[in-house]
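# Summary of structural features
Below, each chain spelled out in residue letters.
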Amino acid sequence: MLKPRSTATRELVNLDGLWRFAVGGSIAADPWTGPLDTRLEAAVPASYNDLFTDSAIRDHVGWAWYQRMVRVPRGWADERVILRFDAATHHGKVYVDDVLVAEHVGGYTPFEADITEQVRAGREFRLTVGVDNELTNITIPPGSITVAADGRRQQKYLHDFYNYAGLARSVWLYSVPAVHVEDITIVTGLDGAAGTVEYSVETSESSESASVRVRVLDDTGTEVAAADGANGVVRVDDVTLWQPGAAYLYDLVAEVLEGDEVVDTYTQPFGVRTVEVRGTQFLINGVPFYFTGFGKHEDTAVRGKGHDDAYLVHDFQLMEWIGANSFRTSHYPYAEEVMEFADRHGIVVIDETAAVGLNMAVEGGIAGRPHRPTFSKETCNDQTRAAHCQAIRELIARDKNHPSVVMWCIANEPSSNEEGAREYFEPLVELTRGLDPTRPVCYAVVMFATSANDRIADLFDVVCLNRYYGWYVTPGDLFTAEAYLEGDLRAWAEKFPQAGHDDRVRRGHHARTALNVGPAMDRGIPAGLFRGAPSRIRPDRRLRRRARLEFRRLPDQQRRPPRRRQQEGRVHARSPAQGRRPRAARAVEGVGRQQAVGRERAGDVKQDDSPSFASALRYLCSGGRRRDAD
């Protein structure tokens, strides 16, 4: 779906501002039939929850209503008139005067309606929008509704961020000619020093007299390639690549002609770059890329999830200041302005659907209390998966041309260790690859889905681990956290040994290997290769208790943990063959392997064949498979 733009053949009116506002139950049951009976006004774009001092509005569950008058420009008499909503969280209904013109489920992707037959150029119409914030077991994200003793409806959900609702992104009215460009798809590649640009242009209707022409312009506006036809490939010699930290964008100008007359034109920015996975390397333009970034959120004070350009600039400045080169759109598609900013500034994006909370284990807590199965008729079922499929379709349709987007993440921390997970996710992975075979597909692995019990990792191209060692597990003990982490990563590497030795290059679905990406720490806490999503679940007491038990079962002389080096007079232990090695590597080498321990004198190495606390960690991270010393 193309973003509305003002061009030589299109005009654009922004409908942001103050709208009349009321929550359901305080007004008539059919508020679209006349002026909204309310004194309240709400800002658009913004979530409505924090705008008012009334807690009943903040905690409202159900429909809320927006209304305003809109005048169609008088010069649009011969044009198609389109109403566009960048998002309505989570279920939207749109009325032009008394007529329902659009309905959409899904809170973070755009939808639109052709209202040409309902309006007249130069005249006003009443625009009423209903937004429903309810989450159920068949929505993405899922949730449930309960009723309190006093009759209040309460929203429950399994994700750890507030369920903001409303018109959090912009609303537009725009015009297009009768015959116009409806969609553009661009796929780029490299051929030596040249770039290849494969394009497909969809138009509103076929006409024997209409034709399509495309031109590629560089950042100075100079034409560097051109072609005729709705589909084709053009070549850009001496191409300037889009690279992380060094963005460069071209424009593809698509024109619809009737004879020699241009009846519609649309400009689509794009960057020339490739994405590949080779073994355990993630390659952008053939160069290994190391993700250092965050799982962000869009929340800000008062605005909720309302998009704000000032906060957009500030967020990216903070990322640049801290040295980040990437982020994941945890846990929903971000505003298109965010993606465009990343395109222009060379920030790499892992683009995620709103599928968070597909994990009933959170109901019982990580401590292990009984919980309902995640995948069942009463919880996540075929209807849930259908909504999930639609979320994937809409995400890819919106963001497919962004060079900053290098990977699709179709879910955050699902219960991938439960029965039914594979049957649920396999069709989703196939759908994603079918819609876009050029980008890898991933999901974020929840803490209690291990290499031993995860059921779906082999379906995906990249393994992204959300891990909280030092946070929820061994809180504050970063030394032990490193040991846990390395044991965890090694166990995943052993599960997918081909990832480290597979020389095949794949784009999208062409080979199935795994890249271990982890650990995951969110909200600015730096740790490892990729930061994933936060999860407000309690610490894994069982895991820590089991680790202590395994540790105590070892003979006394085997319990000695690796000695920490002092601030002065010591260096990392190393052997002549291996050179300098990190502390965590020494901590988890484990049973049957040599442990190098720092000595008082720099360069001295003590060889130790005895296992240590690491053996307990390895036991847990390997899913309970004990490895005894030789």
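A short tour of the structure in this document, coming up. (Residues numbered from 1 in each chain as written. Predicted model: local features only at pLDDT ≥ 70, side-chain atom pairs only at ≥ 80, totals over all residues. Heavy atoms only, no water.)

### Re the overall build of the protein chain
When helices and strands are tallied, the protein chain shows ten helices and 34 strands. Out of the 630 residues belonging to the protein chain, those deemed buried represent 56%. Long-range contacts, defined as pairs at least 24 residues apart, comprise 70% of the intrachain contacts of the protein chain with a sequence gap of at least 6. Carbon and sulfur atoms form 47% of the exposed surface of the protein chain, whose accessible area is close to 27100 Å². (Helix = DSSP H or I, 4+ residues; strand = E, 2+ residues; numbered from the N terminus. Buried < 20%, exposed > 50% of the residue type's maximum accessible area, 1.4 Å probe, protein only. Contact = heavy atoms within 4.5 Å. Areas by Shrake-Rupley, 256 points an atom, 1.4 Å probe, with all protein chains shown as cover.)

### A word on helix α3 (residues 336-345)
Here α3 lies mainly inside the structure; eight of its ten residues are buried. Residues E336, E337, V338, M339, E340, F341, A342 and D343 constitute the buried set of α3. Looking one or two residues past α3, G346 carries a phi angle of roughly 70°, positive in sign.

### As for the sheet that holds strand β8 (residues 111-114)
Read across the sheet, four strands follow the order β1-β12-β5-β8 without closing on themselves; strand pairing throughout is antiparallel. Among the strands making up the open sheet, the edge pair consists of β1 (12-14) and β8. Within the sheet, the average angular offset between the axes of one strand and its neighbour, ignoring direction, is 20°. (Pairing = 2+ DSSP bridges. Axes fitted to C-alpha atoms, helices over the stretch in contact; angles between N-to-C directions.)

### Re the nonpolar core
Core analysis: the biggest nonpolar cluster contains 53 residues, and F316, F327, I410, Y424, F425 and F460 have the highest contact counts within it. Taken together, the elements giving at least two residues each to this core come down to α2 (309-322), α3, α5 (382-399), β26 (405-412), α6 (421-435), β27 (441-445) and β28 (462-465). No other element matches the six residues that α6 contributes to this core. Aside from chain neighbours lying at most four places away, what touches F425 is L358, F375, H388, I410, A411, P414, I456, L459 and F460. Of all hydrophobic cores here, the second largest spans 33 residues; its members include W19, Y66, W76 and F111. (Core = buried A, V, L, I, M, F, W, Y, C linked by side-chain atoms within 4.5 Å.)

### Quick word on the pattern of salt bridges
Counting across every chain of the model gives 31 salt bridges. When the shortest N-O distance is used, the salt bridge between D114 and R80 registers 3.1 Å. Taken together, the residues D114 in strand β8 and R80 in strand β5 (residues 80-85) connect sequence positions 34 residues apart. In this structure D114 comes out as partly exposed when scored by relative accessible area, which is 38%. Residues R398 and D399 are paired through a salt bridge, measuring 2.7 Å at the closest nitrogen-oxygen approach. Through salt bridges that share partners, R84, D86, E112 and E336 make up one connected network. (Salt bridge = Lys/Arg side-chain N within 4 Å of Asp/Glu carboxyl O.)

### Observations regarding the packing of α5 against α6
It is the contact of α5 with α6, at a shortest axis distance of 10 Å, that shows an interaxial angle of 20°. Between α5 and α6, the angle falls in the class roughly parallel. Note on packing geometry: the crossing formed by α5 with α6 is right-handed. Where α5 approaches α6, its residues T384, R385, H388, C389, I392, R393 and I396 are matched on the opposing element by E423, Y424, F425, P427, L428, L431, T432 and L435. (Parallel < 35°, antiparallel > 145°, perpendicular 65-115°, else oblique. Left-handed = near helix turned anticlockwise from the far one by under 90°.)

### Some words on the pairing of β27
With five of five residues buried, β27 lies mostly within the body of the structure. Here three bridges tie β26 to β27, and the two strands are oriented parallel to one another. Among the inter-strand pairings, C409 is bridged to a residue of β27, identified as C442. Crossover connection from β26 via α6 to parallel β27: handedness right-handed. Here β27 pairs with β28 via four bridges, running parallel. Its bridge partner being in β28, A444 is matched across the sheet by C464. (Right-handed = clockwise from strand over helix to strand, strands pointing away.)

### A closer look at the sheet that holds strand β18 (residues 250-258)
Strands sit in the order β16-β15-β18-β19 across an open sheet of four strands; the sheet is antiparallel. Looking at strand neighbours, the two that pair on one side only are β16 (223-228) and β19 (261-270), the edges of this open sheet. Looking at each pair of strands side by side, their axes are set apart by 20° on average, direction ignored. The pairing of β18 with β19 spans nine bridges and is classified as antiparallel. Bridged to V253 within β19 is T267.

### Structural notes on the side chain of R433
Note that R433 resides in helix α6. Within the local environment of R433, its side chain forms a polar contact with the backbone oxygen of L459, the two atoms lying 2.8 Å apart. (Polar contact = N/O pair within 3.5 Å; in protein donor to acceptor, adjacent residues only side chain to side chain.)

### Comments concerning the packing of α2 against α3
For the pair α2 and α3, interaxial distance at closest approach is 11 Å and the crossing angle is 40°. When the axis of α2 is compared with that of α3, the two are oblique. Crossing of α2 over α3 shows right-handed handedness. Where α2 abuts α3, its residues D309, L312, V313 and F316 lie against E337, V338, F341 and A342.

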